[in-house]
Every structure is written in structure tokens, then in C-alpha cells.
Amino acid sequence: MTVISDFRTPPTTRADSEPKSPKSGQTSGHISEIHGLRGIALALVVAFHLFGNGRVSGGIDVFLVISGFLATRSLVGKAERGQVKLGEHYGRTFARLAAPALIVLAATAVLMVVFIPQTLWTQTTREIIASATYLLNWELISSQLSYGAAGPSSTPVQHFWSLAVQGQFFLVWPLVVVGLAFVLRVARGRLGLARVLFVLTAAAFAVSFFYAIKVSGSDQAAAYFNSFTRFWEIGAAALTALALRRVSLPERIKPYAAWTGLALVGSCGFVMDGADHFPGPLALWPVTGALLVMAGSTPSTRGPRRLLEARPLRFVADISYELYLWHWPLLIAWLYYAGDERLTLASAAGVLVVSTLLAWATNRLVTRQVQTYVIRPGGPRALVATLAALVVAVGAGWGGLVAIDRSEDRAIAAAARLATADPYTTECLGAASLAASSAGDVCRNPELRGELIPAVAVIGEDDDNRSQCWSFEERPVRFSACPNGAVEGYEKRLLMIGDSHAVAPVGALDLIGKQRNWRIDVAARAACHWNARPLGRNVADNRPACAEWNRQLEAYLRAPEQQDLDAIIVTHSARKTTQPLGGETPYESTVNGLVEAWSHRPSTDVPVIALVDNPMFEPDNAAYLRTTLGCIQRHSPETAGEACGRPRADVLVKDPHRDAVARDPNAHLVDMTDLFCEDRVCPAVIGNVIVYRDGNHITSRYARTLAPYLGQELAEIIG
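Residues numbered from 1 in each chain as written. Predicted model: local features only at pLDDT ≥ 70, side-chain atom pairs only at ≥ 80, totals over all residues. Heavy atoms only, no water.

Asker: So what's going on with the environment of Arg 302? Which residues, and what values?
Answerer: Tracing the chain through its elements places Arg 302 in the loop between α11 (284-295) and α12 (305-308). Each C-alpha atom of the pair Arg 302 and Ile 128 lies 46 Å from the other, and the pair is 174 residues apart in sequence. A distance of 3.5 Å separates polar atoms of two side chains, one belonging to Arg 302 and the other to Tyr 256. (Helix = DSSP H or I, 4+ residues; strand = E, 2+ residues; numbered from the N terminus. Polar contact = N/O pair within 3.5 Å; in protein donor to acceptor, adjacent residues only side chain to side chain.)

Take a look at the structure:
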């Protein structure tokens, strides 16, 4: 998902949900439609998360509308009468919010330790702290996360972003209303609080709406979480609440308005995925729907009140806040445990049942008890209790961060002892273990027992690549190459060309060069490789830059200082293909483009050595963290290889270099697949070394253990 999620407002007391009549300012009755609307919105959120691959239904937008509507109606009426006591108001509001939220956050911390890879512990703990303090939306923006379907990129508390937006509103809005009321009383003018607040809110609504359009166009993920881009939805509800104090829809129209609004709310998620559009103008769909339901409130049997007061819907509405809190971390924990990208129908139903039971228990045992013994007595008790609970929660979170840092430091220190071990002399380390096994030997090295290299906590940093080795995403394109091995006085000079798969083994090339007195330069471009054909559709946005890099590469090869090359090594991700011409497949186009590009080398006497691409476990890093790395963390270094490995047939990709080599008289193939895979399985850990750092790039530690074998293959070709 971003998560890329939909979220909900807290339950309200009857006092908070009683609007005033337009003229008298007296209570006009409980709007039962709001409670039912809350239940429908929550049902949509959970249903789409669990059964709809995480589509954003618009339920969150409905929650924001409900919050703005109820808070404004309640606060304005009390402020006009001078009855707002900010301490009690904040205590009542945030005690009701914080109690179940902190319970769920504590449970999420436990789920994190049990199911989530250690590489994500620090970020997840930071998000737990931000959730407790209603700052998660800003933490997510600063972390550059996106909101979407529950999946690899989702974190277990990501759904708290909407609670953060609402919490910030609940914190600021009372100050605005009470402060404005105070100013108007001091000024002793004729303008009423509601009228002035309406004008100011309308201005803020307009600014927020156009700001949302602007930010959505440039950074949709940031716009989705931003409190300022979201305010217009809350502001629209506040404007409606203020307007309904003076005017209302004709009674004969109300039932049709309410049913229309309900249809808009219910249909939104089926028509569009809000993650791609909200809070832009299309968010008017669920926002307008929610406002029509509230404006159309009527006891008439022609309206939807009977439906919205149905017992099952009331039950969902009663536990909606708690259900919203529980369902997401349980969903994410299950995905990590099962290693799946999406829930199956059975697992989704299981998460729903468990979430509902926990929500009901939390509502009965926590929310209601807080309401009875903390909020209802009044006074400062609720505020003091809430602040104390938040201080304890934040303190525990920071303590957890310190503990995580220390744990990671210990794991890093343990792995560092062998991280620089010489692959030429250390028995059974990495590829040496699989090579011995393939030869029928039993490989044992007591010094490796229980060791895992690199440490899981820092696997993403296990990369020998240097910025001067490749062109990344700079504009304009700048070709660069870095020397490895024996930079001066070398006997042979080689050049490695490719994409990120060519820079992953830089450490191995450096070892080979030093051991054999060779210089091996590396020149690479992200998501690009040496090919005469333009890139295919899957990387079309990189096509002009890749073409320019290829032009600079060939100019580099024609330069006089490159005339002493003894060989050109090529490799790239086998998943990346080029744009086919008429009658070609993408694979055939890639092969033809490779052969044509190689024909442009300075001399056909210089051999081209093509490395078959390594197996690939996952298409992206997030999926690898959730599946393979999570599995490695749950097993010992000796058992993780097989337990977390993948079938050979599933991870090997047909490599175009095989066919391209057959068409060039001086091209050679180096296939090291047997140092990644056994007959049927490709292990995730080989010889106590984690093979992949992100699902498709090998770790620098494993690459180094390949040096003796890769060096031998190269030597047999170039002499």
C-alpha cells in the first residue's frame, strides 16, 4: 500500500454531535445519520484495505468531513455562550483518542519485533513515536513514503497519518474559535462569531483547495499526507456546519440529498483509487457525499435514516475508531509473516475477524472505561492523564530507539570480524561453500558458525559502488569510469560496462585486479547498458538519457587512451529489454542491439566477455525486505539459506547475452549461476553470507567471495 490508507474520526459523545437549530441556537437533536455514515465509511476503508488490494475508498475523506462538522458545531455554540474551557476540552478530546491508540501502538511495537525485518525497526519506531504525538503525516512526508495498497512499501502504523491530520485540527481549531470569540468580545462590534468564522474559513478553504491542486500536480504522495492540502476537506465541513445554523434544505429535498450523498460515498472507491487523486478536486466526490448526508438529515421514512440506524451498522460505527486502529498493523504483520504481497480471501477474512474482536474488546475495556472514569468526572483529570500517558509512550519509544541502535551495533561488530576476510584463503565463506558442495566435498569452518555477513540491520549499506563508477540520474548525462585493482604498473587492462548489476561486484573486481595485477575500470549507468537500441517501455522515461550515455561511452572507447584494453566485460539486468523493431520481440531486440553495439568497439581483437546476470529474488527492495530478509531474520545462518531460498526456475531470467555471444566471433560467456544456485534451489544465504541486499543486487560481501572463481574465468579467456 501506500499503504499507500483510509482513516477515521474518533467516536463522539452525544453532546458533541448535537447541532443547533438555525435560528434559536437550541439543540435540534442527535444527527443519527452521522453515526451511521461513520460506520459505512469505516466499513469501506477496511473492506478495500483487506479485500480490494488497498484501494483508497474515500472513507478517510468522510472522516475528515465528520470531524470538521462536529467540532465546529460544538465549539461555536459553546464559544458564543462563553462555555469553552480549553483544558477540559483538550482533555476530553485527546483522552478519548489517545487511550486506544496507545494500546494499539504498544501492540504494534511487539508485532514489529516478531515479524518485521530488523532493517525497518528504526524507521518503524520513529513512526510509532510520531503517531503517538500526531505528527506521523509529516514524518511520512520527510521519509518520502507513498500511500497506496497494503504491500511492500507499507508500514504498520502508516494509517495513523489521518489521525495526525485530525489531531492537529483538534489542537488548533479550538484556539482559533476561542481566540476569535475573545477578539470579537473585546472589540464589541456587531459581527457575530459564526459570521466572521465563516468568512475566514471560506478564505482558508480556497487557499487550501488551490494549494492541494498545485502540490498534487508536483508531488502526489506529499499532497496526500499534507495537513494544509487536506484542510479544505475539513473546512468544507466547517462551512456547512456554520451555514446550517441559518439555512437548511427544504424537507421535501432532504431525503433525495441524503440518498445521493450516500451513493457518492459508497461508490467512490469502486470508481477511482483515491491514492492517485486525493486531496485534489476529485476528492469532492466523497466530501460532497458526506455533506449531503448531513445536510439531508431528516426523520422522513423516505430518507436513509432507518438504514443508517440499523443495528449492524451501529455496531460497526461504535467500534469504528478501534477497528480502524487495529486492522492495519494486523494486515501488515500478516503480510510479513506469510511473505505475500496481497492478502488472500481467507487471510483477509481472518484479519477482519481478529481485528473486529480486538476492536470490540478495546472499546469495552479501554475506551468506555476512560470515558467513565477519566473524562466524565470533568476537571483537569483527563488532560493530565493524557499528557502523562503520552510522555510515557514517547519515552518508551525513544528508549526503544536506543535499544535498537545498540542491538544493531552489536550485530554489526560481530559481522565486521569476518566482513573483510580474504575469500582466497577463508574456507567455506560465501561462494566457496557452494563450490565445495558442487564438487561433492563437505565444507566446515567452525569460525563461521552462527555468523551472518553482513548484519541484517545494515544490509542496504553493503555496497562497494562509488559515485565515480557510474552515471546515476544527473542531467545532463555525465559519463564516468572508476579504476580498480592495480591502477599503475598493471599487466592487463579491462573495462566493465553495464547498469547497476555491473557495479554491484566492484569489490570483487578490485580484489581480482590486485591479486592478478590487472586494472579493471567500471563504467555504468542506472537502468541502462551498452546497447544500440533504445530502451523498452518499462524504462521509457530513461530512454533519452541512456541514449546519450551510450553516445558518450562509444566516444570514450574511441579515445586513444583506451587502445590498450585487453577485454571489455558486459552485464546488465536481464529484465531490462529494448524497444523492438517490426517483427521483433523485446528479447530479440535486446540481443540484436547488443551485437550491434559490440561491433562498434575499437577493434574486434578486443574480446567481449558477457557475464550472465545473477538470479533475482524480488523486483524491488521493499518486497525483498518483507519476504526474504524477514525470513532470514527468523532463521539461523546455517538454516536460512534453504529455508528462505527460492526455486531455481523462479529466479533465473533468460539472459540475452547468451544469444548475443553466439553471434560475435570474439565474444565469450561467463556463467556463474552454479555459484548462486543448487540443482533446484537458489539459497538466500550461502556460506554464512547473505547473497542479496535488495532482491536483485548481490551484496558486496557475497560478490567478493566470487572473486577467486570470476578471476579464474576471466584469466582463461584473456590469458
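Anyway, onward from the coordinates.
Asker: Describe the pairing of strand β5 (residues 608-611), naming the residues involved and giving the relevant values.
Answerer: Both faces of β5 are covered, namely the face carrying Val 608 and Ala 610 and the face carrying Ile 609 and Leu 611. Sheet topology note: the strand β4 (residues 567-571)/β5 ladder contains three bridges and is parallel. Paired with Val 570 across the bridge in β5 is Ala 610. Handedness of the crossover joining β4 and β5 through helix α21 (residues 586-598): right-handed. (Buried < 20%, exposed > 50% of the residue type's maximum accessible area, 1.4 Å probe, protein only. Pairing = 2+ DSSP bridges. Right-handed = clockwise from strand over helix to strand, strands pointing away.)

Asker: I'd like a rundown of the sheet that holds β5, residues and numbers included.
Answerer: Taken in spatial order, the six strands make up an open sheet running β1-β3-β2-β4-β5-β7, and their pairing is parallel. The strands lining the two open edges of the sheet, one partner per strand, are β1 (470-471) and β7 (667-670). Packing against the sheet, helix α19 (residues 506-516) makes contact with β2 (492-498) and β3 (518-525), and its axis sits at approximately 160 degrees to β3. (Contact = heavy atoms within 4.5 Å. Axes fitted to C-alpha atoms, helices over the stretch in contact; angles between N-to-C directions.)

Asker: Run through the state of the cysteines, naming residues and quoting values.
Answerer: Applying the stated criterion to the full structure yields five disulfides. Two residues, Cys 428 and Cys 443, share a disulfide whose sulfurs are 1.9 Å apart. Torsion about the S-S bond of the Cys 428 and Cys 443 cystine: about -115 degrees, corresponding to left-handed handedness. On the criterion of sequence distance, the pair formed by Cys 428 in the loop between α16 (381-419) and α17 (431-438) and Cys 443 in the loop between α17 and β1 is long-range, its members being 15 residues apart. Among the residues examined, Cys 428 registers a relative accessible area of 8% and is labelled buried. The disulfide partner of Cys 677 is Cys 682, and the gap between their sulfur atoms is 1.8 Å. On the S-S bond that ties Cys 677 to Cys 682, the torsion sits near 90 degrees, and the link is right-handed. Side by side, Cys 677 and Cys 682 carry an identical accessibility label, which is buried. Numbered by order of appearance in the sequence, the disulfide-linked cysteines of the protein chain pair as 1-2, 3-4, 5-6, 7-8, 9-10. (Disulfide = S-S within 2.5 Å.)

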